[in-house]
Amino acid sequence: MSSDAGIETKEAAVELKEKEKEERETLIQSLKPENVKQQPLIDYLHYKSLTQDRVIVSLVGSNGTSGTGASNSSNSWAGRLEKSLRADRDDLETLSFINHGHEEYSTKDLLEGKKIEAVIQDKPDLIIFENSKKIWKTL
């Protein structure tokens, strides 16, 4: 009788795994960008997280992106965004943030200084671009 119970337990486990697999596939299809006209960004990141091992978010900008002026980098907008996404969404655990903040760079400086090439090399799934402007100092 105990071997029958063991077989039933194994069958139940197989059925549960199959059901979980089907639910995951249904979720993936519901989040697939091609299937959603105006997809919220968080759903796009969730989809990417479900379908690949690493989701790269590249952050590009100047002082605000690099964290200049913040008490520490986790208090910059980039750090706070990462912290918020990680805290609120367990399903985004594969997110990887790469910060391309350059102090006192304007958007023109970023382009002319070939800083965008580094972003392209990241092969990011999402780029968040801070529209920076040069801070002019007077003496």
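Residues numbered from 1 in each chain as written. Predicted model: local features only at pLDDT ≥ 70, side-chain atom pairs only at ≥ 80, totals over all residues. Heavy atoms only, no water.

Now for unusual backbone geometry. Its identity is not glycine, yet K123 carries a phi of approximately 55°, on the positive side. Residue placement: K123 occurs in the loop between α6 (115-122) and β3 (126-129). Owing to a relative accessible area of 68%, K123 belongs among the exposed residues under this scheme. (Helix = DSSP H or I, 4+ residues; strand = E, 2+ residues; numbered from the N terminus. Buried < 20%, exposed > 50% of the residue type's maximum accessible area, 1.4 Å probe, protein only.)

Strand order in the open sheet made by the three strands is β2-β1-β3, with parallel pairing throughout. Only two strands of the sheet have a single partner each, and these edge strands are β2 (95-101) and β3. In this sheet, adjacent strand axes meet at a mean angle of 20° when their direction is disregarded. Relative to β3, strand β1 (residues 55-61) runs parallel, the two sharing four bridges. By the bridge assignment, V60 is partnered in β3 with F129. Sheet contacts for helix α4 (residues 77-88): β1, β2 and β3; angle to β2, the most-contacted strand, approximately 175°. (Pairing = 2+ DSSP bridges. Axes fitted to C-alpha atoms, helices over the stretch in contact; angles between N-to-C directions. Contact = heavy atoms within 4.5 Å.)

On the surface, a cluster of negative charge is made up of D4, E8, E11 and E15. Counting through the fold element by element, E11 comes out in helix α1 (residues 2-31). Taking relative accessible area as the criterion, E11 reaches 45% and is therefore assigned partly exposed. (Patch = residues over 30% accessible without salt bridge, like charges linked within 9 Å, V, L, I, M, F, W, Y side chains within 5 Å. Areas by Shrake-Rupley, 256 points an atom, 1.4 Å probe, with all protein chains shown as cover. Salt bridge = Lys/Arg side-chain N within 4 Å of Asp/Glu carboxyl O. Lys, Arg positive; Asp, Glu negative; His and termini not counted. Charge placed at Lys NZ, Arg CZ, Asp CG, Glu CD.)

Time to look at the environment of H46. Within the secondary structure, H46 sits in helix α2 (residues 41-51). The spatial distance from the C-alpha of H46 to the C-alpha of I28 is 8.8 Å, given a sequence separation of 18 residues.

A word on the confidence of the model for the chain. Close reading of the predicted structure is inappropriate where its pLDDT is low. Residues with a pLDDT of 70 or more make up 87% of the chain, whose mean pLDDT is 82. The least confident element of the chain is helix α3 (residues 63-66), whose mean pLDDT is 73; the most confident is α2, at 93. (pLDDT = per-residue confidence, 0-100.)

Taking burial as the measure, the seven residues of β2 include five buried ones, the bulk of the element. Relative to β2, β1 runs parallel, the two being bridged by seven bridges. Following the sheet pairing, S58 is matched in β2 by I98.

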